[in-house]
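Residue-level structure breakdown
In case you want the letters, here they are:
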Amino acid sequence: MSQNALLVIDLQNDFCPGGALAVEGGDEIVPVVNGLIGQYDHVVLTQDWHPAGHSSFASSHPGKAPFEDIEMPYGPQRLWPDHCVQGTVGADFHPDLDWTKAELVIRKGFRSAIDSYSAFFENDHTTPTGLTGYLRERGITELTLVGLATDFCVAFSALDAVGQGFKAEVLLDGCRGIDIEGSVDDMLGRMREAGVALR
Ligand code: VGL
Ligand code: ZN
C-alpha cells in the first residue's frame with residue numbers, strides 16, 4: 001500500500017520575521033502546516049543546522065556581503081547572513097509548529113565546507129542526507145512539501161524528490177519565498193518542468 005508523507009522544510013525561527021534570514025510572511029504558514037500534519041500518514045521535518053563559521057555565511061568570506069555569489073569547489077554558492085547556527089534559538093522550529101507527530105528530523109548543512117538546500121542531497125548534488133533510503137524502506141512514495149523558502153530549500157527538495165522517483169507536490173499556501181531577482185518564478189518554472197505538482 002502506498003504511503004504519503006508531509007515534508008516540512010526548515011520552519012525555523014531564523015526564517016521567520018525577526019530571524020536572521022527572515023522570509024516575508026514566513027510565520028503565516030505555521031497554522032496552515034499545523035492543519036495539514038494530521039492528514040498525512042507520515043510527517044518528516046528538515047532543520048537547517050549550520051556550525052558557526054559555516055562556508056555559506058558571508059561573514060566567513062572577508063569582503064563579501066550577504067546575497068553575493070561565490071564559487072565553491074562544487075559550483076556557485078549564494079552567501080547568506082549567519083543563520084540557523086546549531087543550538088541557537090534561531091535554529092529552533094517555530095514555537096507554534098505542532099511537530100510532535102514528526103517521525104524524523106533531517107538536519108542538513110552541518111558540514112562546514114558545503115551548504116545543503118535540499119532535504120535529499122547537499123549542494124554538490126551527490127552527498128546524500130539519507131532521506132531517500134528512509135522513505136523507500138518505509139514504503140513512502142508520495143510527498144507533499146511545505147515550508148521555507150519556496151525558492152531555495154523547498155524547491156531543491158522537490159526537484160530532488162522527483163529525481164529520486166517520488167511523486168511530489170508543493171502546496172504554495174504552505175510556503176513563502178525569499179525571492180531574489182525573480183527566484184520564486186524561476187524555481188516554480190523549474191519545478192513545474194520537472195513534474196512537481198504545484199497546488
Ligand atoms: C535556506 C538559504 C540558506 C532555506 C537555507 O531554508 O531555504 N535558504 N539556508
Ligand atoms: Zn542555511
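Remember, it's a predicted structure, so these values are computed and weren't measured experimentally.

In this section: the site of ligand 1. Near ligand 1 you find Asp 10, Phe 15, Leu 21, Asp 48, Trp 80, His 83, Tyr 117, Leu 148, Ala 149, Phe 152 and Cys 153, and these make up its full shell. Between Asp 10 and ligand 1, the recorded distance is 2.6 Å, taken from a side-chain N or O atom to an oxygen atom. Protein contact buries 100% of the 260 Å² of open area that ligand 1 shows by itself. For ligand 1, the cavity whose grid points lie within 2 Å of the majority of its atoms is the largest cavity.

Before going further, it helps to spend a moment on the pairing of strand E1 (residues 3–9). Burial analysis of E1 places six of its seven residues in the buried class, which makes it a mostly covered element. Sheet analysis places E1 next to strand E6 (residues 140–148), joined by seven bridges and oriented parallel. Each bridged residue has a counterpart across the sheet, and for Ala 5 the counterpart in E6 is Leu 143. Where E1 lies against strand E2 (residues 42–48), four bridges are found, and the strand directions are parallel. Pairing of Leu 6 across the sheet is with Val 43, part of E2.

Quick notes on the rules
- Residues numbered from 1 in each chain as written.
- Chains lettered and ligands numbered in written order.
- Predicted model: local features only at pLDDT ≥ 70, side-chain atom pairs only at ≥ 80, totals over all residues.
- Heavy atoms only, no water.
- Near = heavy atom within 4 Å.
- Polar contact = N/O pair within 3.5 Å; in protein donor to acceptor, adjacent residues only side chain to side chain.
- Areas by Shrake-Rupley, 256 points an atom, 1.4 Å probe, with all protein chains shown as cover.
- 1 Å grid on protein atoms, 1.4 Å probe; cavity = no way out; pocket = protein on both sides within 12 Å on 5 of 7 lines; lining within 4 Å.
- Sits in = over half its atoms within 2 Å of the grid points.
- Buried < 20%, exposed > 50% of the residue type's maximum accessible area, 1.4 Å probe, protein only.
- Helix = DSSP H or I, 4+ residues; strand = E, 2+ residues; numbered from the N terminus.
- Pairing = 2+ DSSP bridges.

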